[in-house]
Structure formats: C-alpha cells, structure tokens
Amino acid sequence: MAVLGIPILENLYPSTMDMWPLEAKEFNRNWQFYENLKQGKLTTTKCKDCGLVSWPPRVICPECYSENLEYTDLPNKGKIIVFSEEVRGVPLGFESPLIHAVIDLGVAPARRILSRIVNCPAGVLKRGDEVQLAVFPVPALPIDKGKLGTVMSERVFFAFEPVKK
Amino acid sequence: MARHAVILAGGQCKWGVREAHLVDLFQEAAKACFDDIPTLKPKDVDGLIVASSYAGRCSFQVNTAPVIAERVGVKPTSICTRVDVLCAGGSTGIILAKGLVESGVADIVMVSGGEKLYTPQKWEVFYSELASVDHDWDGTNGMGLPPPFFSLTAQEHMMHYGSTKEQLAAVSVANYNYAATNPVAQMQKTLTLEEAMNAPSVVPPLTLYDCCPITDGAAVCIITTDEIAKKFSDRPLVYIRGTAQVCLNSVSANFPGAHLADWKHTKMAGEKAYKAAKVSPGDIKVAQTHDCFSISEVIEVEEFGFCKKGEGGEFCGSKQIELGGKVPVNTDGGLLACGHPFGATGIRQGIEMLKQLQGRARHQVKGADIGLTHNLSGANAEHTVLIYGREPVK
C-alpha cells in the first residue's frame, strides 16, 4: 500500500509512526509483560532483593538498582474512581466514545491506574463501577530478518471493560 | 564579583496557524528580539539554546541548534544546543542560560524556542502527540491529546474542593480579554462569561475556551549578566532570582499527588524557587502560570500559595487574577489565548515578565517588582518555576 506523497515508502513499516509498543523480544526487554497479557494476566515487575513492586515493569529496580526482578500478578478487577468520556473529536487510532478512567486495582502501585474503558457505550458508566481487564489484539510488528524476510510478531494491548452485572 | 543573570530583551513572531516553515518562525522571532534592543547585534551573542520538541516529528529535523544558529545569524562559541522538555523547553533554556552566564561559561546567550505544529495533513500533529506522553504506557491509552487527562483533573478538583464550571470559565474570560489587544497572540478577541459557558463541549466538563489551541510560533530572548546588560541598555534590570524544576513521575499512574487535583510537585517547585529567590508567595505581584487548561490555572494559584489549597476556583472566579486583583495572572493572555508552541511558551512568559518588571507591559501591574513564571509538561509530570525580580538575590 502506497503512502500518500511518499511513494518510496510503499510496503515499508515506519516504527516512528507506530502507536503501539515494540513488544517483541528483539526490541524490548520487558517483552514478558506482553506475553503475560496474551495469557490474560496483568503483571508487573517485583524486586527480589528489596521487594518493591514497580509500575510499569522495569529491567532494574528504581529503588535499590538490583537487576534481580520477577514478574508478579496484578489484580484483573478494579473500581472506577473518576472517568471522562470523549464522544466527538476522538483522535486517530481510537473509536468513539473514548473513555478514560482512573481505576483502583486495590494494591500498590496500582491504586490509581489511568486506563481506557472499552466495550462500553457513552453515558452508562458511574463512579464506583467495577471493571475488569480486557486484552485485545493490535497490528503485528513486521520485523526485518534479513535473508529470512519479514517476520510478523503478534501483539496485544490492554484496557478495562465493565463487569457485566 | 558575583555574576547575576538578567533577561535583557525578547521578542516573538505572530503565533497561530502560520504559513511558514519552522526556521522561518525562529528568524522572525530573532528579528523581533533584536528590534527590542537595537544596541545589541547578533555578533555579540556567544551562546545559543534552542527549545523545540516537535522539530523531529513535524519538521523532520533533529540537531536543530546549528540549523537555527545559521538562520538567525549567530555564531556561538560557548554553547550551541537544543533542549526538549516539551512545554517547559523555553523556561529550561532560560534556567540553563542563567547557570552558564553566572558561572562564566557564557556571556550573552540567545534562548530561542519554537514549534511548527500544523503539517500539510491535519491528522499528523494530533497523531504525533502520542509522543508527548509516555508512549508505551499512556499514549497507547489515547492520552496523547491532553483534554481527557485535564477533564479528570477538573472533575477531581470539583469533587474534592467544590470548584465550579463558572470558575473555570472565569479563567478563560480573564485570559482572552488580556490577549484581545496582543498583536502576536493567536486569539485576539474578547470573551464573555456567557460565551465561555455556552461553548461547544470538548471532554466534559471542559469546553472550547477551557483548552489552549495548537499553535505555530517562536520566541527569542537574551540572557546575560547585569554588568554586561548595562553596556547595552539603560532600562531597569530584570534578574532571574531563583528557579526550580521538579519531576517525580512520567507515567500517569505514578502521579505524585493524592488525586489529580493535588499537585504536590507544583508546590515543591514553587517552594524551592521561592527559597532560591529569597521571596515568599506574598511578594509575587504578577505571574504567568501554565494555563494549558483553565483548571490548570485554578490549581496553580493554590499550589503557589496565592490562595489556600482548594480555594483556587473562588480566587479565579472573584477576579483576583485580573488587573487590580491580588495576583494578576497571564497578563499577556497566557496559553489559552496566546497559544502554545511548546518550546516557545516559557520564553513568551519571560518576555512578558521582562516588560512587567520594566513597567512597559500592555496590561501593566502597578509596582510589579517580583514575578513568577511556571510551566508544566507531559501528562502533568514535570513542573518548572522561575522567579524574576528588579533586584538580584543578596
């Protein structure tokens, strides 16, 4: 597919225009976070030396600088503290209504995670509503593997959705 | 003898939707700056700091400083560099220039800032704003454009402190009316409370005039020492008395306050700058705070101690930010009405402070001798404060 005005970019992938993370192992030492998401688990890193749980995941502990980290599960359900709804003028890459919420997952460091609410029409959410993790696919990452050609690396991302009553 | 940094002169180009290239805007602003001080010539400048965050994305130009140096006709010998702190780039340039001239590394530094944000296709700048916040963790949630974040902020201020939509609108009205006669502002029209209250919705409770526009523009100022300044100008000297820049988080989930309307990092930056400048909130006669949204100014007047925490809505709603009020704020129109070309904004604020403290501002605050400027940047993740004064810190 041609890029309007820049014919030389036909069929090329510009990572500088990619709205999703470069999740693949080749480009991201926190690739395990995304693999865990694919299993339906929201996780982050915990320092095995000082015990600090960080959000988002790291490759060093920001407190004691240990590299001895492990993935730990975060709760999949939480409560909405406050939310906003954007119906018109939603930016490219997102659908209307674009709903944002500050969500309390009940444990540090996730007492005020700012995320998106999906699978929810405008005008129905209330403060205090229970929401749960929603994992969805995003476009695969095309990685140039030289003689092997381009390999498509599957990707997912996450938001939250109302818990059906 | 101690060297004390002063802001000697400044100018900006017309801000708005500009039919111009990024480097054109810097040239126009440099000319406006030298027009402000005809005795100073480009050859007198030995240092250049360029603040621009979107040159890389919207003008396909990194390593911007040499490009700007050449186009504005300066040949730096002490420093020639770019800073990127998004909305605080200009203020950061001034902080760095102060350090450079006071330490003797540089003598006369041009601090410039600018952005060309309107691209040939409208989608691109909005999409590129995904880079303004933490890309992988906040951009992916559609937080590149800031209205949702500040909607949540406004709602939490209303929840915890009882501020009202009318009080937010009062900020927009004050700032638009300050800019109505500002020839370089993006928005040059008066605004009534009724118009502000009946404006189209953006993200409730924010409506059109609660949000600053997207802006092309540039601004340039000159930072030097008091002794050097006296050789070029007999205007009153305007010192940079104290500064602070506080960054406690990047990802929104790690916001340092108890909630989004508790700006602990803003308060910290203010207190540190006050201490460095040896002044207190009661000394501030005029302020240019970061009114990217009306709610921002409401919270900033609280965190800087112009009123009690939680009373910002009432402070702004009772005309305390207007001429004759306790602390006139954003006397040239602020971000809401001047517009906000990120790297240029802190310089615009510095220029307005220079004029206020020299007694030559369009909306002059009587007896202005100490003033504060402030920026926030990212998803409310960093705060930058400068205190200007008619006397150096002793």
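Residues numbered from 1 in each chain as written. Chains lettered and ligands numbered in written order. Predicted model: local features only at pLDDT ≥ 70, side-chain atom pairs only at ≥ 80, totals over all residues.

(A) Quick peek at the overall build of chain A. When you go through chain A residue by residue, the secondary structure sums to one helix and seven strands. Reading chain A from its N end, one meets helices and strands in the order α-β-β-β-β-β-β-β. Seen through its principal axes, chain A has C-alpha atoms that stretch 50 × 45 × 25 Å. Put simply, chain A has 165 residues, and 25% of those count as buried. Long-range contacts, defined as pairs at least 24 residues apart, comprise 51% of the intrachain contacts of chain A with a sequence gap of at least 6. (Helix = DSSP H or I, 4+ residues; strand = E, 2+ residues; numbered from the N terminus. Buried ≥ 20, exposed ≤ 12 C-beta atoms within 10 Å, placed from the backbone. Contact = placed C-beta atoms within 7 Å.)

(B) Just the nonpolar core, in detail. Residue and element names in this part refer to chain B. By size, the foremost hydrophobic cluster in this structure holds 153 residues, and its most contacted members are Ala 29, Val 109, Cys 221 and Ile 223. Looking at this core, you find at least three residues from each of domain 1 (5-122 + 215-232) and domain 2 (144-212 + 241-389). Look past the residues within four positions of Ile 223 in its chain and what remains in contact with it is Ala 5, Ile 7, Ile 94, Ala 97, Lys 98, Val 101, Val 109 and Val 111. (Core = buried A, V, L, I, M, F, W, Y, C linked by C-beta atoms within 7 Å. Domains from an automatic or database assignment.)

(C) Representation of the interface of chain B and chain A in the model. With 25 residues of chain B at the interface, the matching set in chain A holds 25 residues. Mapped onto the side of chain B that touches chain A, the elements with two or more residues apiece are α5 (123-128), α6 (147-161) and β5 (201-203) of chain B. No other element matches α6(B), which puts five residues into the side of chain B that touches chain A. Residue composition of the side of chain B that touches chain A, by class: 14 nonpolar, nine polar and two charged. (Nonpolar A, V, L, I, M, F, W, Y, C, P; charged D, E, K, R; others polar.)

(D) Highlighting the confidence of the model for chain B. Residues and elements named next belong to chain B. Averaged over chain B, the pLDDT score is 97; the fraction of residues at 70 or greater is 100%. Put simply, α5 is where chain B has its lowest mean pLDDT, 94, and strand β7 (residues 217-225) is where it has its highest, 99. Scored as a whole, the predicted complex attains pTM 0.97, and scored at its interfaces, ipTM 0.97. (pLDDT = per-residue confidence, 0-100.)

(E) Structural view of unusual backbone geometry. Here the bond from Trp55(A) into Pro56(A) is cis, since omega is -5°, no more than 30 degrees from zero. Here Pro56(A) lies in the loop between β1 (43-47) and β2 (69-73). Omega for the peptide link from Ser96(A) to Pro97(A) comes to -5°, which places this bond in the cis form. Structurally, Pro97(A) is set in the loop between β3 (77-86) and β4 (98-104). If you check the backbone angles, Asn330(B) has positive phi at about 55° while not being a glycine. One can find Asn330(B) in the loop between α12 (312-317) and α13 (334-338). By C-beta crowding, Asn330(B) is classed as buried, having 26 other C-beta atoms within 10 Å. Even without a glycine there, the phi angle at Asn380(B) is positive, about 55°.

(F) Highlighting the pairing of β7(B). All names here are of chain B. With nine of its nine residues buried, β7 lies for the most part within the structure. Looking at chain direction, strand β1 (residues 5-12) and β7 are connected through seven bridges and run antiparallel. Note on β7: the bridge partner recorded for Val 6 is Thr 224. Sheet topology places strand β4 (residues 109-115) next to β7; seven bridges connect them, and they run antiparallel. (Pairing = 2+ DSSP bridges.)

(G) Expanded view of the domain arrangement of chain B. Residues and elements named next belong to chain B. If you check the domain split of chain B, you get domain 1 (5-122 + 215-232) and domain 2 (144-212 + 241-389). Between the C-alpha centres of domain 1 and domain 2 there is a distance of 23 Å. On the side of domain 2, 29 residues touch domain 1, which itself brings 35 residues to the contact. Elements supplying a minimum of two residues to the side of domain 1 that touches domain 2: β1, α4 (89-103), β4 and β7. The greatest single-element share of the side of domain 1 that touches domain 2, amounting to seven residues, is contributed by α4. In the side of domain 1 that touches domain 2, the residues fall into 17 nonpolar, 14 polar and four charged.

(H) Representation of the packing of α4(B) against helix α14 (residues 342-358) of chain B in the model. Residue and element names in this part refer to chain B. Running from N to C, α4 and α14 point in directions that differ by 60°, and their axes come no closer than 5 Å. As far as their axial angle goes, α14 and α4 are oblique. Where α4 approaches α14, its residues Gly 89, Gly 90, Ser 91, Thr 92 and Ile 94 are matched on the opposing element by Phe 342, Gly 343, Ala 344, Thr 345, Gly 346, Ile 347 and Gly 350. The class makeup of the residues in the contact of α4 with α14 is four nonpolar, eight polar and no charged. (Axes fitted to C-alpha atoms, helices over the stretch in contact; angles between N-to-C directions. Parallel < 35°, antiparallel > 145°, perpendicular 65-115°, else oblique.)

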